[in-house]
Amino acid sequence: MSPSPSEPPTRFVMLGTPGDRRVTFFQQALRNLNLPLAQVVAWADFLSDSSPLFRGIEAGAVLRIESPGRNLEVDRALLSAGASEDDDEEESLRLTREEVSALVLDRGRIFPYRQWFLGFRSALRRIVRELHVRRTVTLMNSPSEIEVMFDKRRSHALLAHHGIPVPASLGVIRNVEELFSKMQRRHCPRVFIKPAHGSSASSVIALAQNGPRLLAKTTMEIVRHNGETQFYNSRKIRQYTRLEDVTEIVNAVCRERAQVEEWVPKAGIADHTFDLRIVTIAGQPRHTVVRLSKAPMTNLHLGAHRGNVQEVRNRMPEAAWSAVEQSCRRTASVFPGSLYAGIDVLVTPSFCSHAICEVNAFGDLLPDVLCGGMDTYTMEIRAMCPTAGVSC
């Protein structure tokens, strides 16, 4: 099931969430190329009954697995599936199926990441089993590799194993006491704490310690009501300095598995720091977005804005930019079954070195960003055909 078939695809099948921008943009790219629109199988339908996905796949079809998106029905189904999944690591907070069924729309509320991931992992593994006997179906992205990309601890370790530059990891951290102990032993006063299965900077904590003083910047909001504490994601970056608050948010993230790594300083332009989102397609770095922010998190939905790629390239020595591109190629090669990936790259203040922060399975949603006159979806579709000669 290679992502490069020898014949042009006759039909695309997409596992996605109808109405999601990713689905809409991909369909528009097919329409612009005068290709048949993809058959869309809703995640909600697939999770309730796997047969709709596989019943409609014909020989020579191309399957694209898209993000489940933000959808309460889908989240309920994944949490419900994860409620009974065996975990090969230490136990984390679990909601019962009855508690999951009772969930209502509560915008921003954070539910158990690990349980959601276990349900998602179960769905991905079911796709692998079902497609094992359908070798005439081509995958745009590998379910097994999506699983690894959705586990920041595994993907970080995998990149490090292949010698790709990544921020130094502090290893497995289970609670705030272990965190402070490791920070002290490693003389590491600043760390990033990321949920192993989170996305879009959800529940990410940038923590700095200076003697007894603490400063945690995060998207997490603590809400206390009637003696109960709940956590919500906020588009406003929150700051916590009290040990009690820092302990609560750190322990909450670590309970769900956390990737904890040294906080590497970012380069800056015009009073903003930045990082890069680079989408690789068919193993090559293609579309690039500069994300400028005054906060540690550079996600655009958190108030960051796009910068000028050429300005960054002008500031970097040619060898340094070439090294970034080579790291992206090497990262893509670690995931050979995935036609595309969104890679987050941190450039250091000297503009001479870099680190790969994350690999995003669904990181190709870059509206209005073109490479060779094509958006990401158009280039991905073209890359599925042997005659597609794309270049930047």
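In this convention, every chain numbers its residues from 1, walking through the sequence in written order. Totals for whole chains, interfaces and linings use all residues, but because this is a predicted model, local features are given only for residues with pLDDT of at least 70 and pairs of side-chain atoms are given and counted only at 80 or more. Hydrogens and waters are ignored; side-chain quantities use all the structure's heavy atoms.

## Some thoughts on the environment of isoleucine 381
Positionally, isoleucine 381 belongs in helix α13 (residues 376–383). Burial classification: accessible surface area is computed with a 1.4 Å probe over protein chains only, and a residue below 20% of its type maximum counts as buried, one above 50% as exposed, and the rest as partly exposed. For isoleucine 381, a relative accessible area of 1% corresponds to the buried category. Linking isoleucine 381 and valine 41, residues 340 residues apart in sequence, is a C-alpha distance of 18 Å. Apart from residues lying up to four places away in sequence, isoleucine 381 is in contact with Phe12, Phe26, Ala29, Leu30, Leu33 and Leu35. Every helix listed is a DSSP run of H or I at least four residues long, and every strand listed is a run of E at least two residues long, numbered separately from the N terminus. The contact definition used throughout considers only heavy atoms, calling two residues in contact when any of these lie within 4.5 Å.

## Things to note about the sheet that holds strand β5 (residues 190–195)
Hydrogen bonds between backbone atoms are what pair the strands of a sheet, whose relative direction is either parallel or antiparallel. Two strands qualify as a pair provided DSSP detects at least 2 bridges between them. An order of β8-β7-β6-β5-β9 is seen for the five strands of this open sheet, with the pairing classed as antiparallel. Where the open sheet ends on each side, the last strands, each with one partner, are β8 (228–240) and β9 (258–262). The average angle at which neighbouring strand axes cross in this sheet is 35 degrees, direction not considered. Packing against the sheet, helix α8 (residues 152–161) makes contact with β5 and β9, and its axis sits at approximately 45 degrees to β9. Angular values range over 0 to 180 degrees, each being the angle between N-to-C directions of two axes fitted as lines to C-alpha atoms, with helices fitted over their stretch in contact.

## A look at the nonpolar core
For this analysis, a nonpolar core means a set of buried residues of the types Ala, Val, Leu, Ile, Met, Phe, Trp, Tyr and Cys, connected via side-chain atoms within 4.5 Å. In this structure, Trp43, Phe46, Leu53, Leu63, Phe120, Ile127 and Phe274 are the most contacted members of the largest nonpolar core, which totals 59 residues. The leading source of residues in this core is helix α6 (residues 113–131), at eight residues. Once you skip the residues sitting within four places of it in the chain, phenylalanine 120 turns out to touch Trp43, Pro68, Leu78, Ile146, Phe150 and Phe362. Counting 27 residues, the second-largest nonpolar core is a separate cluster that includes Met220, Ile249, Cys254 and Val260.

## Remarks on the pairing of strand β14 (residues 340–347)
Of all eight residues making up β14, eight are buried, and the element is well covered by its neighbours. Judged from the seven bridges that link them, strand β11 (residues 272–281) and β14 form a sheet pairing that is antiparallel. Pairing of arginine 277 across the sheet is with aspartate 344, part of β14. Pairing analysis gives six bridges linking β14 to strand β15 (residues 354–360), with the strands arranged antiparallel. In the strand pairing of β15, valine 345 is matched with isoleucine 356. Counting the residues that bridge the hairpin from β14 to β15 gives six residues, and of these phenylalanine 351 lies at a positive phi of roughly 65 degrees.

## Observations concerning empty space enclosed by the protein
Picture a little ball the size of a water molecule; that probe, rolled over the atoms, points out where space is still empty. Each cavity reported here is a set of points on a 1 Å grid over the protein atoms alone in which a 1.4 Å probe fits but cannot get out, each pocket an open set with protein on both sides within 12 Å along at least five of seven lines, and each lining residue one with an atom within 4 Å of a point. Grid points are joined across faces, edges and corners, and a volume is the space filled by probe spheres set on the points. A full pass over the atoms with the stated rule returns one cavity of 30 Å³ or more. Space inside the largest cavity adds up to approximately 50 Å³. Lining the largest cavity, in full, are Lys152, Ser155, His156, Leu159, Val166, Lys194, Gln259, Glu261, Ile356, Cys357, Glu358 and Val359. Here the residues of the lining of the largest cavity are counted per class, giving five nonpolar, three polar and four charged. Polar here means any residue other than Ala, Val, Leu, Ile, Met, Phe, Trp, Tyr, Cys and Pro, which are nonpolar, and Asp, Glu, Lys and Arg, which are charged; Gly is therefore polar.

## Digging into the layout of surface pockets
Computed from the structure, the second largest pocket encloses a volume of approximately 420 Å³. Surrounding the second largest pocket, 19 residues form its lining, Leu93, Ile110, Phe111, Pro112 and Phe231 being those nearest its centre. At the level of secondary structure, the elements contributing two or more residues to the lining of the second largest pocket comprise β8 and α10 (243–255). When grouped by side-chain class, the residues that make up the lining of the second largest pocket number 11 nonpolar, three polar and five charged.

## Focus: α10
One less than the residue count of a helix, multiplied by 1.5 Å, gives the span that helix is expected to have. Its 13 residues place the ends of α10 18 Å apart at the C-alpha level, agreeing with the 18 Å of an ideal helix rising 1.5 Å per residue. Looking only at α10, the buried set comprises Asp245, Val246, Thr247, Ile249, Val250, Asn251, Ala252, Val253 and Cys254. Those residues of α10 that are buried lie in contact with α9 (176–185), β5, β6 (205–210), β7 (213–225), β8 and β9. Note on α10: the residue one or two positions beyond its end, arginine 257, has a positive phi of about 80 degrees.

## Concerning the packing of aromatic side chains
Two aromatic rings, drawn from Phe, Tyr or Trp (for Trp, its six-membered ring), form a pair once their centres lie within 6.5 Å of each other, and the interplanar angle then sorts them: stacked below 30 degrees, edge-to-face above 60, tilted otherwise. For the coordinates displayed, the defined rule picks out 11 aromatic pairs. On the basis of an interplanar angle of 75 degrees and a centroid distance of 5.8 Å, the ring pair of tryptophan 43 and phenylalanine 46 is categorised as edge-to-face. Separated by three residues within a single helix, tryptophan 43 and phenylalanine 46 lie in helix α2 (residues 43–48), roughly one turn from each other. Judged on exposure class, the residue tryptophan 43 and its partner phenylalanine 46 are both buried. Connected via pairs of aromatic rings, a cluster forms that spans Trp43, Phe46, Trp116, Phe120, Phe150 and Phe362.

## Examining helix α4 (residues 72–83)
Because the α-helix completes a turn every 3.6 residues, residues three or four places apart line up on one side. Over its 12 residues, α4 runs 16 Å from end to end, which matches the ideal 16 Å to within 8%, given 1.5 Å per residue. Turning to α4, its buried residues are Val74, Leu78, Leu79, Ser80 and Gly82. Between a side-chain oxygen at the N-terminus of α4 and the backbone nitrogen of glutamate 73 the separation is 3.0 Å; the capping residue is asparagine 71. Polar contacts here mean pairs of N or O atoms no more than 3.5 Å apart (in protein, one a potential hydrogen donor and the other a potential acceptor; neighbouring residues in sequence count only if both atoms are side-chain atoms).

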